[in-house]
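Chain by chain, the residues run as shown.
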Amino acid sequence: MLVVVITLLAALVAVPSFVRSLRGARLRSSLRTVAMVHRYARSLSVLQQKHAALVFDTEKNTIEVVVVALQGGVDDRGRFLEDRANPDTPLSASVESEAVRSLQLGVRIASFRGQKAGQEKDGVYFAQYYPNGMCDGYQLTLADERNQQVDVRVEAHSGRMTLKEN
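Before going into details, it helps to say that this report is about the structure given with it.

1. As for the environment of Ala127
Point 1. Residue placement: Ala127 occurs in strand E6 (residues 124-129).
Point 2. Exposure remark for Ala127: the relative accessible area of 0% places this residue in the buried category.
Point 3. Once the C-alpha coordinates of Ala127 and Arg113 are considered, the two residues, 14 residues apart in sequence, prove to be 10.0 Å apart.
Point 4. Apart from residues no more than four positions distant in its own chain, Ala127 is found in contact with Ala52, Ala53, Leu54, Phe112, Gln119, Asp136 and Tyr138.

2. Section: the layout of surface pockets
Point 1. Taken as a whole, the second largest pocket encloses approximately 160 Å³ of empty space.
Point 2. Gly24, Leu27, Arg28, Leu31, Gln148, Gln149, Val150, Glu165 and Asn166 are the residues that line the second largest pocket.
Point 3. Broken down by secondary-structure element, the contributors of at least two residues to the lining of the second largest pocket are helix H1 (2-48) and strand E8 (149-154).
Point 4. With four residues, H1 is the largest single contributor of residues to the lining of the second largest pocket.
Point 5. Looking at the lining of the second largest pocket residue by residue, the class counts come to three nonpolar, four polar and two charged.

3. Brief notes about the sheet that holds strand E7 (residues 138-143)
Point 1. Pairing in this open sheet of four strands is antiparallel, and the strands run E4-E7-E8-E9 from one edge to the other. The open sheet has two free edges, formed respectively by strand E4 (108-114) and strand E9 (161-165), since each of these has just one partner strand. On average, adjacent strands in this sheet sit at an angle of 20 degrees to one another, irrespective of strand direction.

4. Thoughts on the nonpolar core
Point 1. Counting residues in hydrophobic clusters, the biggest one holds 26 residues, and the most contacted among them are Leu54, Phe56, Tyr138, Leu140 and Leu142.
Point 2. Elements supplying a minimum of two residues to this core: H1, strand E1 (51-57), strand E2 (62-68), E4, E6, E7 and E8.
Point 3. For this core, the element with the most residues is H1, which contributes six residues.
Point 4. Sequence-distant contacts of Phe56, defined by excluding residues within four places in its chain, comprise Thr62, Ile63, Ile109, Phe112, Gly123, Val124, Tyr125, Tyr138 and Leu140.
Point 5. Ranked by size, the runner-up nonpolar core spans seven residues in total, among them Ala53, Val55, Val66 and Val124.

So, how was this worked out
- Residues numbered from 1 in each chain as written.
- Predicted model: local features only at pLDDT ≥ 70, side-chain atom pairs only at ≥ 80, totals over all residues.
- Heavy atoms only, no water.
- Helix = DSSP H or I, 4+ residues; strand = E, 2+ residues; numbered from the N terminus.
- Buried < 20%, exposed > 50% of the residue type's maximum accessible area, 1.4 Å probe, protein only.
- Contact = heavy atoms within 4.5 Å.
- 1 Å grid on protein atoms, 1.4 Å probe; cavity = no way out; pocket = protein on both sides within 12 Å on 5 of 7 lines; lining within 4 Å.
- Points joined across faces, edges and corners; volume = space filled by probe spheres on them.
- Nonpolar A, V, L, I, M, F, W, Y, C, P; charged D, E, K, R; others polar.
- Pairing = 2+ DSSP bridges.
- Axes fitted to C-alpha atoms, helices over the stretch in contact; angles between N-to-C directions.
- Core = buried A, V, L, I, M, F, W, Y, C linked by side-chain atoms within 4.5 Å.

Below is the structure:
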């Protein structure tokens, strides 16, 4: 009987710690996803010499890598965001999806701030990557259900990603 009581006490102490660890793991996993798609979009853009972009959808909690075709030297960002906002309209033929990744359950995109205008429409954010290795600089904040937050900052010229826990 004494062994059972001691085992139950140990479990009562360990379970909350385990649950907190699991929640933190979800946020870390989502950060790894953001880092992975950032590197993929940048590499795709440089290696294929095409404009690529990351599309952050706050409603679906997804990050999508797309290839953006240029027409007459002007990107299709505005038209893409308009098409994306209207689900009845098929996506522009000049944009093709490469990959879609979801954030972990309980983790959401809390905020997005881009360095260029026209990077947001109805909770969908757009950051473009260029064939020369540069990108639209942006800052993204991820938060979990306990409102722990991590800021992800991507520099425009170098494409360097830095993380800061709040």
